[in-house]
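If you want the building blocks of each chain, they are given just below.
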Amino acid sequence: MNNKEKAKAYHTAVSQYNESIIKEMVHENYIQHNPRVPSGRAAFISMIPKLKEYGSKIENIRMLEDDQHIIMHHKWINATPFGFNEAVAFHIIRFDYNGLIAEHWNVMTAITPPNLSGRSLFDGETEIKDLKKTESNKSIITELFSTLTNKNVETIVETIPNFFQTHFHQHNVALADGVQNLIQAIQDESLFPRYKKQHAVFGEGNFVLSISEGVLAGKNSVLYDLFRLEEEKIVAHWSIHEDIPTQNLANNNTMFNFKMVSSLNACK
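Computed from a prediction, not measured in an experiment: that's the story for all the values here. (Residues numbered from 1 in each chain as written. Predicted model: local features only at pLDDT ≥ 70, side-chain atom pairs only at ≥ 80, totals over all residues. Heavy atoms only, no water.)

Student: If you had to explain empty space enclosed by the protein to someone new, which residues and values would you point to?
Tutor: One water molecule sets the probe size; rolling that probe over the atoms shows where empty space is left. Taken as a whole and assessed by the stated rule, the structure comprises 2 cavities of 30 Å³ or more. Considered as a void within the structure, the largest cavity measures approximately 90 Å³ in volume. Of all the elements in the fold, those that place two or more residues in the lining of the largest cavity are helix H5 (134–150), strand S6 (164–170) and strand S9 (219–230). Element by element, the count of residues in the lining of the largest cavity is highest for H5, at 3 residues. Here the residues of the lining of the largest cavity sort into 9 nonpolar, 2 polar and 1 charged. Taken as a whole, the second largest cavity encloses approximately 30 Å³ of empty space. Looking at the second largest cavity, the residues that line it are Arg62, Met63, Leu64, Ile71, Met72, His73, Phe90 and Leu226. Broken down by class, the residue content of the lining of the second largest cavity amounts to 6 nonpolar, 1 polar and 1 charged. (1 Å grid on protein atoms, 1.4 Å probe; cavity = no way out; pocket = protein on both sides within 12 Å on 5 of 7 lines; lining within 4 Å. Points joined across faces, edges and corners; volume = space filled by probe spheres on them. Helix = DSSP H or I, 4+ residues; strand = E, 2+ residues; numbered from the N terminus. Nonpolar A, V, L, I, M, F, W, Y, C, P; charged D, E, K, R; others polar.)

Student: Outline the layout of surface pockets, listing residues and values.
Tutor: What the largest pocket holds in volume is close to 520 Å³. Lining the largest pocket are 26 residues, and of these Asn34, Met47, Phe82, Asn106 and Met108 lie nearest its centre. Counting only elements with at least two residues in the lining of the largest pocket, the list comes to helix H1 (3–15), strand S1 (26–32), helix H4 (48–54), strand S3 (69–77), strand S4 (87–95) and strand S5 (101–110). The biggest single contributor to the lining of the largest pocket is S5, with 4 residues. Split by residue class, the lining of the largest pocket holds 15 nonpolar, 8 polar and 3 charged. Considered as a void within the structure, the second largest pocket measures approximately 350 Å³ in volume.

Student: Describe the environment of serine 139, listing the residues and the values that go with them.
Tutor: Here serine 139 shows up in helix H5. With a relative accessible area of 34%, serine 139 lands in the partly exposed category. Along the chain, serine 139 and leucine 121 lie 18 residues apart, while their C-alpha atoms are 24 Å from each other. (Buried < 20%, exposed > 50% of the residue type's maximum accessible area, 1.4 Å probe, protein only.)

Student: Give a detailed account of the sheet that holds S1, specifying residues and quantitative values.
Tutor: Across the sheet, which stays open at both edges, the 5 strands sit in the order S1-S5-S4-S3-S2 with mixed pairing between neighbours. At either margin of the open sheet sits one strand with a lone partner, and together these are S1 and strand S2 (57–66). Strand-to-strand twist across the sheet, computed as the mean angle between neighbouring axes with direction ignored, equals 25°. For S4 and S5, the ladder comprises 9 bridges, and the chain directions are antiparallel. (Pairing = 2+ DSSP bridges. Axes fitted to C-alpha atoms, helices over the stretch in contact; angles between N-to-C directions.)

Quick look at the structure:
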């Protein structure tokens, strides 16, 4: 199996509560970046009975592959163990060179009603194409976040139209389609994050995921932004964030700590 096939087998095993398959696929010393879960395979497997009790299941919406990393855009059904009825999540897993899952990052939030443009956190196009444009599309998103993290609001507002198609599809629950609505949100600190650092960029073809930290509504947050690009412009955007906890941590790995390579901030 290739890594995408392994990732599908893995999340299927989670939905089927198959502890033996999970044990075969996950490294004993699995590194966990979810701050509420200890590191190690045993800690993860100990969660499976709780998922089974509540009938928690995964519906995969999108899956990207970038080197040894698989990025999964999931819908969780019966997500009570995580504090939600239904949830949308990004999960990133890293396979080691023996083919075992060695590391995991994720963010999760409740599914909310559609935004003002009628879009949700998971609907929209899913087809991966333009594979030859993977690196150039990652470069575009890296450049965008260089502006978002280093420039003032006035410069950001002036620059945004260079990156986005005028009527791009906005899936952020608080915003609506189009560049003008995005500019208004940037000018309103309560709706748009102030990005401080981009930690990683993953991509496959026309889809690129950025992982950053910043401040949203006055709280330090981890920020996952997924983009779909066409002809060097962003045509769709999904985003999920979580507050970064500082107390009662189950591990000290942080919600970031990606191993960075190249100017694209990609990961090995």
